[in-house]
Amino acid sequence: MRLQRLVISWGALAAFAVACTHDDPVTTPVSQNGEDTIAIITLSATPAGFLNGTQSVTYIASGPFDTSVADAFARATTNPPFLMPDPTGCYGSQPLIFEAGNAPVPYTPPNAFLPALVSGTAIGDAGCGGPTTYIVRAGHPGNGTGNRVWEFWHYVTGTTDPLRYVSGLARYAVVQRGALDGPDVLLNGSVTSPDSLVLYPNTSVLGGKKSDAVFTTNCGSVNVIQAKAGFNPYMLGGGASSGGAVQMDQTVCDTDGVWVDGSYAGNKSPIPANNNTAFSAVQYNFFVVWEALADSTPNYARPVFRVQIGPLLNASGTVVNNSYAPTPTTQLSGALLGPLPGSTSSVDSVKATFNLLKPLSSGAYQVWVTNTAGTNTGRLTGRVIRLSNGVAKDTVASAGEFNLIAGQNGARFEGALGTLGSQTWNRVVLVVQPTSGATTIPTQPSEPLWGKITNPKPSGAAAVLSGSLKFGSFDNGAADSMVYGAGGSGTGGFFGTQLVQALSRLSRPPLGYQYEAWLTNSTDTSVHVNAGGLNGPAPDYVSLKDADVMTTPPLSGVEITEATFATDPGTYAAWCKIGTIVGTPPDTSIKPIYDQLQIRLGPKGGNPAILSPTIALSAPLGVPMGAAHNKGKCAP
Amino acid sequence: MTKHVFLASLFALGGAGALAGQQTGKWRVTPSVAMMRFDRTTSLSSTASGLSTKLWPWAGLDATYQVQSSLQVGLYVGGSRVTTSPDYFKYALFRSGSNYELWAVSQRVTVFNYGIGAELALPVGGALGPYIKGGFGRHTLYPDVQKSNSVHSFSGAEFALGGGVRYGLKSGVALRLDITDFMWSNFDRELLDPVAPAFQNNTFPLSNPDGVLWPKPSLTHNLRLALGFAFTPAGGGQ
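Just so we're clear, the structure is a prediction, and the values are computed from it rather than from any experiment. Position numbers for residues start from 1 in each chain and track the written sequence from start to end. Lettering of chains starts at A and numbering of ligands starts at 1, both following the order in which they are written. This being a predicted model, a pLDDT of at least 70 is required before a residue's local features are given, and a value of 80 or more before pairs of side-chain atoms are given or counted; all residues contribute to the totals for chains, interfaces and linings.

Another aspect to go through is the overall build of chain A. Scanning chain A for helices and strands turns up four helices and 36 strands. Each residue gets a C-beta atom placed from its backbone, and two residues are in contact if those atoms lie within 7 Å. For chain A, the share of sequence-separated contacts (at least 6 apart) that also reach a separation of at least 24 residues comes to 70%. Elements are defined by DSSP. Helices are runs of H or I of four residues or more, strands are runs of E of two residues or more, and each kind is numbered from the N terminus.

Have a look at this one:
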């Protein structure tokens, strides 16, 4: 029993000793390559350098033209026609109404409408070096600072001596026969049944003056006309033909504030807006020179010069659709009709500019068009102008695809739909083909840039001739089509010789694109090095090269939920190129080369040595602790 | 935890004393001291390859009842205080100003096992009496209260299988040396991780210990080598 008690006693004592042992749990700093402190590097979203571009299209008429569409020919304007700086320079550079446009001397206006113009007359040069057809608003500096006079100056040649001629502003309504003359000319090139012009209101109440025109800027002169409302036509003086010509240069003073607007086409301007705005009582749509009757009133049946300066009115005084000035003279081609509101048309050709592309090591860039559903696709062939920061470098004619060389980062493509035009295309798409010469678009294609085109354009709709391209995954317009936006964050640092980042919630890269880590220099864009790709989180570290198409974690929907980046050159000497080696005093003998860590997007087939342009995340590198502590290994 | 072990030990040994004084020939009591080598995946061992050299002292007590001349059944209980290895867990990642620091953290853990068992003496003559044993019960671990910031514990099923030899010293008294494999079912070492998830190092995963990636078998084998002092009250057998 003594032995038993002895054993029990010692056993109890041993248990007591074990139970009472106490020491603090071990807490040990972890080091790597002799360093146990990690300077934090925080990556944040800094979206920049996204692929971008523009597209434009031309339309060609492919169906009936609908003249019932408001302003079907897109000819309405706020300002009157012929508003331009005097091409002769007589009146300086401020715009005035120069009815001859850019026509040379002698200028003959279109002989449209009835009554027809008396043949044989034209506009000659009264001294300025061009056709003398001027309407100059009050206050125009060409007539002196502070003047309050409108000037109407015309020089008509081919007149009959000593016949007297008078000029004036007329407000005409149109008596339509068949198609309106203007649209008839635009669509067919000729008038089938000419329309007639009649004064509106149809009772002539002359205003202004019938006597000889005289130019003066003195509003107190008896020779100046005082502007009044309610007259039609508003006579602007006349003159007798001498030497086969008559010159009429008359001023109208706005003493009573009737023609008060200092601008053209305003409500109180004698010149109406060239659109559907209702006329005021002082506005007229034609300037006319007539042969004068014996009492110096106009012989309305014998106009010798007539220029439309505003839209036509109907019998009720309402502006007639598609009757805008100037009077049309030539037929529009299918290409010119194509984009007009009244036209039913189809896209004829495509131009597209693609910026911030990267030269490919394999594969090629191609330009395709697709329909809305993405079920029909067609590859375009055309001219390719390769660009370097927007500057043309070279041109490839009739190219079905292209690639870039070092130093180039964009391309402009110009191609006609040609035989593809029989299809209904609605998107223009840049395709990054994995193999050169591909004639089909693969499943889940890399289509980083695309733009919408309206095709066909129905009548009544405005043509959209250009637009910007979107950057992301088009995937032929499938449900997963998405515009790319940079997102996510990262944290990490230099741990020993290892540079590590743990990233979260990165945006899924566009199809055909991958994330790459680059060490760059913030001031010298030519300095950079590709530090490798991203991987998934521990423990598998699955490669994220195919994150654009992966469906398993760490991919979740449009995000890479977790990712890692790590690179380890193994020696501190390699880090001498990073950050500024500091100390007391700062050691400036060692110059850093790379001062930024950036996560960029690049095409999978991109040249790995050429910096990818698209930045998703970036961070300043700071100073690697190990490099600072081992600067002796750095060469100055 | 120290209090638990202390009380359990006193209870076990006190119980042994009581049995020694009250039973008459059928009961045998075996207090023992032992060395425990935990399974390499439990985090209570080391990450060294092969048999781990990390051994922990262990105290145990068996109380068996002789139902036949060669068969005994009874209860067993044991326990120890061990320290987890940091080599199985992600390091703690702390931010200090503009720097990160990684720390390896371990904690003291109190381990108990208990259950019922049977022992079969093999028919070999002489002073040495070999036997085999088996049993089942549970294991319970108490993490460090301060480290885990709680008083929680966790338990699981346990199966025991082993054998040894008994050497009789005199009537009713013997020395026993046995080795036992205490097999823990579905043991999850993550429950012993002293670092809260928010502070676990996921930023520098490549720097975490390799043991983080070690598998978690459904059955872990924890080997105990025990030296016991068996006595049978009133000389009821050896």
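Past the structure itself, the notes keep going.
Turning next to the overall build of chain B. The secondary structure content of chain B amounts to two helices and ten strands. Written out in order from the N terminus, the α and β elements of chain B read α-β-β-β-β-β-β-β-α-β-β-β. With 238 residues in all, chain B has 42% of them scored as buried. In chain B, once contacts between residues fewer than 6 apart in sequence are set aside, the share between residues at least 24 apart is 67%. Burial is judged by counting the other C-beta atoms within 10 Å of a residue's own C-beta: 20 or more makes it buried, 12 or fewer makes it exposed, and any count in between marks it as partly exposed, with every C-beta position built from the backbone.

We now examine the domain arrangement of chain A. Residues and elements named next belong to chain A. Residue ranges for the domains originate in an automatic or database domain assignment. By domain assignment, chain A separates into domain 1 (40-50 + 484-633) and domain 2 (52-59 + 336-483). Listed by partner, the interface residues are 19 residues for domain 1 and 23 residues for domain 2. When grouped by side-chain class, the residues that make up the side of domain 1 that touches domain 2 number ten nonpolar, nine polar and no charged. Amino acids outside the nonpolar list (Ala, Val, Leu, Ile, Met, Phe, Trp, Tyr, Cys, Pro) and the charged list (Asp, Glu, Lys, Arg) are all regarded as polar, and Gly is one of them.

Let's shift gears to the environment of P86 of chain B. Here P86 of chain B shows up in the loop between β3 (71-83) and β4 (92-96). Here the alpha-carbon distance between P86 of chain B and Q107 of chain B, two residues 21 residues apart in the chain, equals 8.6 Å.

Buried together is how nonpolar side chains tend to be arranged in soluble globular proteins. Residue and element names in this part refer to chain A. If you look at the biggest cluster of nonpolar residues, it comprises 64 residues, and the most contacted ones within it are I97, I135, V156, Y165, Y172 and F286. Other than its neighbours up to four places away in sequence, Y172 contacts L197, V198, L199, Y200, N285, F286, L312 and L313. Listed in part, the 41 residues of the second largest apolar core include I38, Y515, L534 and I599. We define a nonpolar core as a collection of buried residues of the types Ala, Val, Leu, Ile, Met, Phe, Trp, Tyr and Cys that are connected via C-beta atoms lying within 7 Å of each other.

Residue and element names in this part refer to chain A. That bond from A325 to P326 is cis: its omega, -5°, falls within 30 degrees of zero. Considering the arrangement of structural elements, one finds P326 in the loop between β17 (298-308) and α3 (334-337). We note that F113 has phi near 70°; this positive angle belongs to a residue other than glycine. Mapped onto the elements of the fold, F113 is located in the loop between β5 (95-98) and β6 (122-123). The class of F113 is buried, set by 23 C-beta atoms lying within 10 Å.

Helical geometry note: an α-helix holds 3.6 residues per turn, so side chains three or four residues apart project in the same direction. Residue and element names in this part refer to chain A. Where burial is concerned, most of helix α2 (residues 181-188) is hidden: six out of the eight residues are buried. Of the residues making up α2, those classed as buried are D181, G182, P183, D184, V185 and L186. A positive phi of about 85° marks G189, the residue just after α2.

Residue and element names in this part refer to chain B. Pairing is antiparallel in the closed barrel, where eight strands are placed in the order β1-β2-β3-β6-β7-β8-β9-β10. Across the sheet, the mean angle separating the axes of adjacent strands is 25° when strand polarity is ignored. Looking at chain direction, strand β1 (residues 27-37) and strand β2 (residues 56-66) are connected through ten bridges and run antiparallel. In the sheet register, T30 faces β2, and the bridge partner there is D62. Criterion used throughout: strands pair if DSSP finds at least two bridges between them. In this analysis, axes come from line fits to C-alpha atoms, helices being fitted only over the stretch in contact, and the angle between any two N-to-C directions falls in the range 0 to 180 degrees.

A separate point is the sheet that holds strand β22 (residues 391-399) of chain A. Residue and element names in this part refer to chain A. The strand order across the open sheet built from six strands is β22-β21-β23-β18-β3-β26, with neighbouring strands paired in antiparallel fashion. The sheet is open, and its two borders are formed by β22 and β26 (466-468), each paired with just one other strand. Direction aside, the axes of adjacent strands within the sheet are offset by 15° on average. For strand β3 (residues 52-61) and β26, the ladder comprises three bridges, and the chain directions are antiparallel.

Here we come to the pairing of strand β31 (residues 513-520) of chain A. Residue and element names in this part refer to chain A. Burial within β31 is extensive, with eight of its eight residues counted as buried. Because side chains alternate across β31, one face comprises the buried residues Y513, Y515, A517 and L519, and the other comprises Q514, E516, W518 and T520, equally buried. Of the pairings in the sheet, the one linking β31 to strand β35 (residues 596-603) comprises eight bridges and is antiparallel in character. Its bridge partner being in β35, Y513 is matched across the sheet by P603.

All names here are of chain A. Here F354 lies in strand β18 (residues 345-355). Judged by the 25 C-beta atoms lying within 10 Å of it, F354 is buried. The spacing of F354 and L469 is 115 residues in sequence and 8.4 Å in space, taken between C-alpha atoms.

All names here are of chain B. When pLDDT is averaged along chain B, the result is 84, and 84% of the positions lie at 70 or above. Across chain B, strand β7 (residues 128-142) holds the top mean pLDDT of 95, while helix α1 (residues 2-22) sits lowest at 45. pLDDT expresses how confident the predictor is about each individual residue, on a scale running from 0 to 100. For residues 1-24, every residue scores under 50 in pLDDT, and the model assigns this stretch 51 contacts once sequence neighbours within four places are set aside. Interface scoring of the predicted complex returns ipTM 0.76; its pTM is 0.76.

With five bridges joining them, β4 of chain B and strand β5 (residues 99-105) of chain B adopt antiparallel strand pairing. From the neighbouring strand, F94 of chain B faces β5 of chain B, where its bridge partner is E101 of chain B.

Attention shifts here to the environment of Y300 of chain A. Residues and elements named next belong to chain A. Mapped onto the elements of the fold, Y300 is located in strand β17. Note on Y300: 17 C-beta atoms within 10 Å, which makes it partly exposed. Put simply, Y300 and K358 are 58 residues apart on the chain and 71 Å apart in space, counted from C-alpha to C-alpha. Among all residues touching Y300, those that are not within four sequence positions of it are P115 and W290.

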